[in-house]
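# Secondary and tertiary structure notes
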Amino acid sequence: MAATHTTRMRFIAITCLLVLVLSASAFGAEKAQSNWNAAKGWNGLVVGKSTLNQARTRLGKLFNTEMVAGTKCYNFKKAKVNVFVDEKTKVITKIWVSGDLKDPAVPKTVNEAMKMFGELGNKGPDGSGGNIYEKPGLSLLSDPKETQGGIAWMEFSKVK
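Residues numbered from 1 in each chain as written. Predicted model: local features only at pLDDT ≥ 70, side-chain atom pairs only at ≥ 80, totals over all residues. Heavy atoms only, no water.

### A short note on the side chain of Asn82
- By the secondary structure assignment, Asn82 is in strand β3 (residues 81-85).
- When neighbours within four sequence positions are excluded, Asn82 is seen to be in contact with Cys73, Tyr74, Asn75, Lys94, Ile95 and Trp96. (Helix = DSSP H or I, 4+ residues; strand = E, 2+ residues; numbered from the N terminus. Contact = heavy atoms within 4.5 Å.)

Listed below in structure tokens is the structure:
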């Protein structure tokens, strides 16, 4: 009887240990997938490195252009992707992406964004009622109209 009890306790201990090890390795694997940094860019474009021509190749037909705060902005995907460019060098200085863009490179929620881009610090609310989340090279605004943690926009910039 004592031998059966000891065997059962060993089985339970080994099972618990296996669950713990497998859980830790699964957590580690998820973390490893979210090692994004600004040098990896967004959708094949890296701020401070990629050019307007590369943006055109990657994003397709230009929708329109406009001046925003003294910087020329090239709008793609029905103005759901805005690419700001240094006019002298034609290098991208900032990329703004609408949360409404239907594209695999655009997470649907803040939680999906953290899986895609890694941990984002919550900097608190902005004037619209959403929260700003940031890490070097990326800012995003949670959609104040979404109760499920949707994203209003993402902005990719060069790390200073």
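### Overview of unusual backbone geometry
- Positive phi values are uncommon outside glycine, yet Ala79 reaches one of about 65 degrees.
- Along the chain, Ala79 turns up in the loop between β2 (71-76) and β3.

### With respect to the sheet that holds strand β1 (residues 62-68)
- On the basis of which strands lie adjacent, the open sheet formed by eight strands has the order β1-β2-β3-β4-β8-β7-β6-β5 and antiparallel pairing. What marks the edges here is a single partner per strand, and that holds for β1 and β5 (121-125). Averaged over all pairs of adjacent strands, the angle between strand axes in this sheet comes to 20 degrees, irrespective of strand direction. (Pairing = 2+ DSSP bridges. Axes fitted to C-alpha atoms, helices over the stretch in contact; angles between N-to-C directions.)

### Looking at the pairing of β5
- Where β5 and strand β6 (residues 131-135) come together, four bridges link them in antiparallel fashion. Residue pairing in the sheet places Asn122 in a bridge with Tyr133 of β6.
- Linkage of β5 to β6, two consecutive antiparallel strands, is achieved through a turn of five residues, within which Gly129 is found at a positive phi near 105 degrees.

### A short note on the pairing of strand β7 (residues 138-142)
- With five of five residues buried, β7 is to be regarded as a mostly interior element.
- Because side chains alternate across β7, one face comprises the buried residues Leu138, Leu140 and Ser142, and the other comprises Ser139 and Leu141, equally buried.
- By the bridge criterion, four bridges tie β6 to β7 in an arrangement that is antiparallel. Of the residues in β7, the one forming a bridge with Lys135 is Leu138. (Buried < 20%, exposed > 50% of the residue type's maximum accessible area, 1.4 Å probe, protein only.)

### Some remarks on the pattern of salt bridges
- Taken as a whole, this structure holds one salt bridge when the rule is applied.
- For Glu87, the salt bridge goes to Lys90, with nearest N and O atoms at 2.9 Å. (Salt bridge = Lys/Arg side-chain N within 4 Å of Asp/Glu carboxyl O.)

### Structural notes on the packing of aromatic side chains
- Counting across every chain of the model gives four aromatic pairs.
- Between the aromatic rings of Trp36 and Phe156, the centroid separation amounts to 6.0 Å while the plane-to-plane angle is 65 degrees, which identifies the pairing as edge-to-face. Residue Trp36 is located in the loop between α1 (2-33) and α2 (52-59), and its partner Phe156 is located in strand β8 (residues 151-157); the two are separated by 120 residues in the primary sequence. Side by side, Trp36 and Phe156 carry an identical accessibility label, which is buried.
- Residues Phe117 and Phe156 carry aromatic rings whose centres are separated by 5.7 Å and whose planes lie at 65 degrees to one another, so their mutual orientation is edge-to-face. Linking Phe117 in helix α3 (residues 110-117) with Phe156 in strand β8, this pair joins segments that are 39 residues apart in sequence. In terms of burial, Phe117 and Phe156 fall into one category: buried. (Phe/Tyr/Trp six-rings, centres within 6.5 Å; stacked < 30°, edge-to-face > 60°.)

### A closer look at the nonpolar core
- Grouped together as the largest cluster of nonpolar side chains are 29 residues, with contacts concentrated most on Trp42, Val81, Ile95, Val97, Met154 and Phe156.
- Of all the secondary-structure elements, those providing two or more residues to this core are α2, β2, β3, β4 (92-98), α3, β7 and β8.
- Setting aside chain neighbours within four positions, we find Met154 in contact with Trp42, Ile95, Trp96, Val97, Ala105, Val106, Pro107, Phe117, Leu138, Ser139 and Leu140. (Core = buried A, V, L, I, M, F, W, Y, C linked by side-chain atoms within 4.5 Å.)

### Structural notes on the confidence of the model for the protein chain
- Counting all residues, the mean pLDDT for the protein chain is 84, and 79% of those residues have values of 70 or more.
- Least confident of the elements in the protein chain is α1, whose mean pLDDT is 43; most confident is β3, at 98. (pLDDT = per-residue confidence, 0-100.)

### Some remarks on α3
- Along α3, the residues that are buried comprise Val110, Ala113 and Phe117. Buried residues in α3, looked at end-on, bunch into an arc of 50 degrees, giving them a common side. The outward face of α3, more than 90 degrees from its buried face, is lined by the exposed residues Asn111 and Lys115.
- Contact partners of the buried residues in α3: β6, β7 and β8.
- Looking at the residues trailing α3, positive phi occurs at Gly118, about 90 degrees. (Arc of directions from axis to C-beta.)

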